[in-house]
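Structural description and commentary
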Amino acid sequence: MSYVDEVFQMVVEKNPAQPEFHQAVKEVLESLRVVIEANEDAYRKDALLERLVTPERQLLFRVPWVDDKGQVQVNNAFRVQFNSAIGPYKGGLRLHPSVNLGIIKFLGFEQIFKNSLTGLPIGGGKGGSDFDPKGKSDREVMAFCQSFMTELNKYIGADTDVPAGDIGTGAREIGYMYGQYKRIKGVYEGVLTGKGLSYGGSLARTEATGYGLLYLTEEMLKCNGHDLKGKTVVISGSGNVAIYATQKAQQLGAKVVTVSDSTGWVYDPEGIDVALLKEVKEVKRARLTEYAAARPSAQYHEGRGVWSIKCDVALPCATQNELLLDDAKALVANGCIAVAEGANMPTTIEATEYLQANGVLFAPGKAANAGGVATSALEMSQNSERLSWTFEEVDSKLKGIMVNIFHSMDEAAKKYNMEGNYVAGANIAGFLKVADAMTAQGIV
Ligand code: NDP
């Protein structure tokens, strides 16, 4: 059996009931096969792949907190410190009822390669809890965040592990967590990113993932003879990534006609009104039915359906496994030319393969949504030098990073005779730097 197959089998056996983690490892290892086979003896002797797929440390803890009725609630929480070969662990904290160890491990594993691709010195990690901030009062969210940080503070620090936001963890949650960290540790350091501007946050961090997605998509289209201007775009999600992806797409001359949330979706043929979307989602924290009620051109539909709308470009920006094989077939049938992942692993492996086989340009999340973590690393740099850069300065660095990421994955794909296969290119480019650092640092 080949080394890749052996290691994948080991992952499945040693990590039962973690399908998302298996899926992420399979996707990465399959596309690394050619690189691994070329160095198989050395990698096998050093157990490089076994070390790569095994987190350096996994923390599981309980988070007790008191709700507004005086009832004690208990949540499960996780921090997976996956790989620190090229820098301190870096990756977000997800707060969502679906969170479990397997989901955090898939996200942490992906994060290793994504962080490597940015060219910045950051290792891979991820964390979160099955706590659901939806429907909770501010006091309840604060109680949870303080209890969560009371345990997490022991394992993180500006030079060891720097968590950030993710689904369910926005500016409010980061603020409460940062306050509690500072209170316990008594140090004012850049231990979290995504902080508010008044206490060490970076301009353009809020916009970074969505903007970065569009900078990479624009470069990918340009290098393949297309122009984003005038294109029709469908987007899923209506959270942080989706909102700023919509805004940047429109600034670059495209028309975004859909957004969605966990209960339904909106088709707005006139183009999504970003100001209204922000009011509904960022200010009122309401459902998309409110968007549709306030906008005569918008149609609201229950359930899923974004991918059935005719488009040139599709940007999944909600969650994992939200673009399935049938969705990919509908996109191809409707003439879609490019898919770029704003969310982490939103496209299933079968859907990805179908899109690629049918000539659709496909940018995987670890490259396309790396703008968020890249700007988090820029926030760390600003915290270290105790300075704040202007919006334009951060935004122009972000754009440079995203353009570089596109060319790194494009060149890696070409070098290994897989021109246009950006999934393979991103995995190979991200992997080689980490593997090199792991080899240089010996058996640790
Ligand atoms: P938000 O919590 O701000 O928004 C998530 C959006 O997706 C919401 O519209 C939410 O709907 C919808 N959603 C969440 N879960 C589901 C589900 N199970 N089914 C359908 N819709 C769902 O998160 P972000 O925008 O920050 O993150 C979105 C994706 O992007 C995630 O995969 C995240 O890991 C990834 N990502 C985020 C980065 C960032 O900087 N924020 C960086 C890199 C990747 P509702 O409004 O109903 O909750």
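Residue numbers run consecutively from 1 along every chain, following the written order of its sequence. Restriction of local features to residues with pLDDT of at least 70 applies here, the model being predicted, together with a cutoff of 80 or more for giving and counting side-chain atom pairs; totals for whole chains, interfaces and linings are based on all residues. Remark: hydrogens and water are excluded; side-chain values derive from all non-hydrogen atoms of the structure.

Here the focus is the nonpolar core. Put simply, buried Ala, Val, Leu, Ile, Met, Phe, Trp, Tyr and Cys residues joined by side-chain atoms within 4.5 Å make one nonpolar core. Note on exposure labels: buried denotes an accessible area under 20% of the residue type's maximum, exposed denotes more than 50%, and partly exposed covers the range between, all computed with a 1.4 Å probe on protein chains only. The biggest cluster of nonpolar side chains holds 55 residues, and the ones touching the most others in it are Leu216, Tyr291 and Leu315. Tallying contributions element by element places helix H8 (residues 205-223) first for this core, with 8 residues. Either an automatic procedure or a domain database provided the assignment from which the domain bounds are taken. Split by domain, this core shows at least three residues from each of two domains, domain 1 (55-188) and domain 2 (207-368). Note on contacts: a residue pair qualifies if any of its non-hydrogen atoms lie within 4.5 Å across the two residues. For Leu315, the contacting residues outside a window of four places in its chain are Leu213, Leu214, Thr217, Val233, Val234, Ile235, Ser236, Trp307 and Ala340. Numbered from the N terminus, helices here are DSSP runs of H or I no shorter than four residues, and strands are runs of E no shorter than two.

To continue, consider the domain arrangement of the protein chain. Domain boundaries assigned for the protein chain yield domain 1 (55-188) and domain 2 (207-368). In this complex, domain 1 contributes 13 residues to the contact, which on the side of domain 2 involves 11 residues. Here the quantity called buried area is the accessible surface, traced with a 1.4 Å probe, that two parts lose on coming together, added over both. The junction of domain 1 with domain 2 conceals about 970 Å² of combined surface from both sides, 49% of it contributed by carbon and sulfur atoms. Broken down residue by residue, the surface that domain 1 buries against domain 2 is led by Phe106, Glu110 and Lys114, which jointly contribute 44%. Think of a salt bridge as a Lys or Arg side-chain nitrogen and an Asp or Glu carboxyl oxygen that are within 4 Å of each other. For the pair domain 1 and domain 2, the number of links is 1 salt bridge. Between Glu110 and Lys366 there is a salt bridge, with the nearest N and O atoms lying 3.5 Å from each other. N or O atoms within 3.5 Å of each other form a polar contact, as long as, within protein, one can give a hydrogen and the other can take it, and as long as residues adjacent in sequence are counted only when both atoms are side-chain atoms. Linking domain 1 with domain 2 are 3 residue pairs in polar contact (both at pLDDT 80 or more), by the criterion used here.

Attention shifts here to the side chain of Asp395. Following the sequence through the fold, Asp395 ends up in helix H16 (residues 391-415). At 4.7 Å, Lys248 is the nearest oppositely charged side chain to Asp395, a buried residue that forms no salt bridge. Charge counting follows a simple rule: Lys and Arg are positive, Asp and Glu are negative, and His as well as the terminal groups are ignored.

Take the sheet that holds strand S2 (residues 72-83) next. Spatially, the 5 strands line up as an open sheet ordered S1-S2-S4-S3-S5, and their pairing is mixed. In the strand order of this sheet, the two ends are held by strand S1 (57-66) and strand S5 (161-164), each with one partner. Taken pair by pair, the neighbouring strands of this sheet meet at an average axis angle of 20°, ignoring direction. We call two strands paired when DSSP finds no fewer than two bridges between them. Of the strand pairs in this sheet, S1 and S2 are connected by 10 bridges, and their pairing is antiparallel. Residue pairing for S2: Arg62 is matched across the bridge by Asn76. Against the sheet, helix H5 (residues 101-117) engages S1, S2, strand S3 (89-95) and strand S4 (123-129), with an angle of about 155° to S4. Angular values range over 0 to 180 degrees, each being the angle between N-to-C directions of two axes fitted as lines to C-alpha atoms, with helices fitted over their stretch in contact.

Positionally, Glu207 belongs in helix H8. One buried charged residue, Glu207, forms no salt bridge at all, with the nearest opposite charge on Lys278 at 6.1 Å. With sequence-adjacent residues up to four places away left out, Glu207 is seen in contact with Tyr244 and Phe391.

Taking 1.5 Å of rise per residue, 20 residues should cover 28 Å, and helix H2 (residues 19-38) covers 29 Å from first to last C-alpha, within 8% of that figure. To get the bend at a residue, fit one axis to the 7 residues ending there and another to the 7 starting there, then take the angle between the axes. Leu32 marks the point of greatest bend in H2, at about 55°. When you tally the buried positions in H2, you get 14 out of 20 residues, the bulk of the element. Multiplying 1.5 Å by the helix residue count minus one yields the expected span of that helix.

Attention shifts here to a nonpolar patch on the surface. Each patch groups residues whose relative accessible area exceeds 30% and which form no salt bridge, using 9 Å between like charges and 5 Å between nonpolar side chains of Val, Leu, Ile, Met, Phe, Trp and Tyr. For the accessible areas, the method is Shrake-Rupley and the probe is 1.4 Å, while residue cover comes only from the protein chains on display. A cluster of nonpolar side chains, contributed by Val66, Val72 and Val74, occupies part of the molecular surface with about 240 Å² of accessible area. Looking at the secondary structure, you find Val66 in strand S1. On the basis of relative accessibility, which here comes to 38%, the residue Val66 falls in the partly exposed class.

Time to look at the packing of H16 against helix H17 (residues 422-440). Two numbers describe how H16 lies on H17: the axes approach to 7 Å, and their chain directions differ by 100°. Looking at the two axes, H16 sits roughly perpendicular to H17. Contact residues: Phe406, Ser408, Met409, Asp410, Ala412 and Ala413 in H16; Tyr422, Gly425, Ala426, Ile428 and Ala429 in H17. Gly falls in the polar group here, along with every residue not listed as nonpolar (Ala, Val, Leu, Ile, Met, Phe, Trp, Tyr, Cys, Pro) or charged (Asp, Glu, Lys, Arg). Its residues placed into classes, the contact of H16 with H17 shows 8 nonpolar, 2 polar and 1 charged. An angle below 35 degrees is read as roughly parallel, one above 145 as roughly antiparallel, one from 65 to 115 as roughly perpendicular, and any other as oblique.

Within the secondary structure, Lys182 is located in helix H7 (residues 171-185). Along the backbone, Lys182 and Val403 are 221 residues apart, and their C-alpha atoms lie at a distance of 36 Å.

Now for the pattern of salt bridges. Within this structure, the stated rule accounts for 24 salt bridges. Of the charged contacts in the structure, one is a salt bridge between Asp68 and Arg139, with a shortest N-O distance of 2.9 Å. A residue pair is termed long-range when its members are at least 10 positions apart, and Asp68 in the loop between S1 and S2 and Arg139 in helix H6 (residues 138-152) qualify at 71 residues. Measuring nitrogen to oxygen at the nearest pair gives 3.6 Å for the salt bridge that ties Lys284 to Glu290. Relative accessible area serves as the criterion here: at 48%, Lys284 is assigned to the partly exposed category.

Within strand S7 (residues 255-260), 5 of the 6 residues are buried, which leaves the element mostly enclosed by the surrounding structure. With the strands pointing away from the viewer, any crossover whose connection runs clockwise from the first strand over the helix to the second is right-handed. After leaving strand S6 (residues 232-236), the chain enters helix H9 (residues 240-251) and then returns to the sheet as S7, a path that is right-handed. Two elements, S7 and strand S8 (residues 264-267), share 3 bridges in a ladder whose sense is antiparallel. Considered in S8, the bridge of Thr258 is made with Tyr267. Between S7 and S8, which follow one another and run antiparallel, lie 3 residues.

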